[in-house]
Amino acid sequence: MSVAARAETTPADKVWRESPHGFRRWEKSTALGSGSEVWEWASTEVMRWGVKTRSGFCVTPATRVAAGSRPVIVAHPFGLSVREPVEVVEVVDLPDRVGFAYRTLFGHPISGEEAFIVHRDREVVQLTIRSLTRPGHELRWKVLYPILLVAQKVARYRYMRALRLRAAR
């Protein structure tokens, strides 16, 4: 496991126990399928930003996730282009658990952290997403926060489908 700073969403932990005060906490898992082929594909894809890119986001550079990296993520909600500055704070690469967490940086519409984790229990492969959110630091994002929560709900739905659709083939 590589760590730049301990992630609040604890992607290395099977159970997410604590979260900081003042954030909305969210966690959900979905089964992607079973078997080593699904595991290999999903674990590789999550480490190449596949959950984000398969959900309509652009990530530059589209290289393997690395602790401390600051990729440029662009979201396209409601036909707009919104730059989302982030920093990867924790990377997990274990035999049965692979994933990462990133924290948002100043200028991101939402303040918080998000983790994408692919894990398996015997043959069953799952994707777990964890997030902590509150309004971004800038006044415009605080005003738009209720709308951003709707956009976040749509993005989460897409995240949960992103790897499941390919894994089912």
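The structure this text deals with has already been given above.
Keep in mind that what you see is a predicted model, and the values were worked out from it rather than measured. (Residues numbered from 1 in each chain as written. Predicted model: local features only at pLDDT ≥ 70, side-chain atom pairs only at ≥ 80, totals over all residues. Heavy atoms only, no water.)

We now examine the pairing of strand β7 (residues 110–121). Burial of β7 is extensive: 10 of the 12 residues sit out of reach of the surface. One ladder, built from 7 bridges, connects strand β6 (residues 97–104) with β7; its direction is antiparallel. In the strand pairing of β7, A101 is matched with A115. Linking two consecutive strands that pair antiparallel, namely β6 and β7, is a turn of 5 residues; a positive phi of about 105 degrees is found at G107 within it. As defined by bridge partners, β7 adjoins strand β8 (residues 124–135) across 12 bridges and the pair is classed as antiparallel. What sits directly across from G112, in β8, is T133. (Buried < 20%, exposed > 50% of the residue type's maximum accessible area, 1.4 Å probe, protein only. Helix = DSSP H or I, 4+ residues; strand = E, 2+ residues; numbered from the N terminus. Pairing = 2+ DSSP bridges.)

What follows concerns the pattern of salt bridges. For the coordinates displayed, the defined rule picks out 9 salt bridges. Put simply, E27 and R130 hold a salt bridge, and the shortest N to O gap is 2.8 Å. Here E27 is found in strand β2 (residues 24–34), whereas its partner R130 is found in strand β8, with 103 residues between them in sequence. Overall, E27 belongs to the partly exposed group, its relative accessible area being 37%. Residue classification places R130 among the buried residues on the basis of a relative accessible area of 0%. The network of salt bridges with shared partners includes K52, E84 and E114. (Salt bridge = Lys/Arg side-chain N within 4 Å of Asp/Glu carboxyl O.)

So, on to the packing of aromatic side chains. All told, the structure shown has 7 aromatic pairs when counted by the stated rule. With a centroid separation of 5.6 Å and 50 degrees between ring planes, the pair formed by F100 and F116 is classed as tilted. In this pair, F100 sits in strand β6 while F116 sits in strand β7, placing the two residues 16 residues apart along the sequence. Judged on exposure class, the residue F100 and its partner F116 are both buried. One aromatic cluster in this structure is built from W49, F57, F100, Y102, F116 and Y159. The side chain of R25 reaches across the aromatic face of W16, ending 3.9 Å from its centre. Here K52 stacks its cationic end above the ring of F57, 3.8 Å away from the centre of that ring. (Phe/Tyr/Trp six-rings, centres within 6.5 Å; stacked < 30°, edge-to-face > 60°. Lys NZ or Arg CZ within 6 Å of the ring centre and 35° of its normal.)

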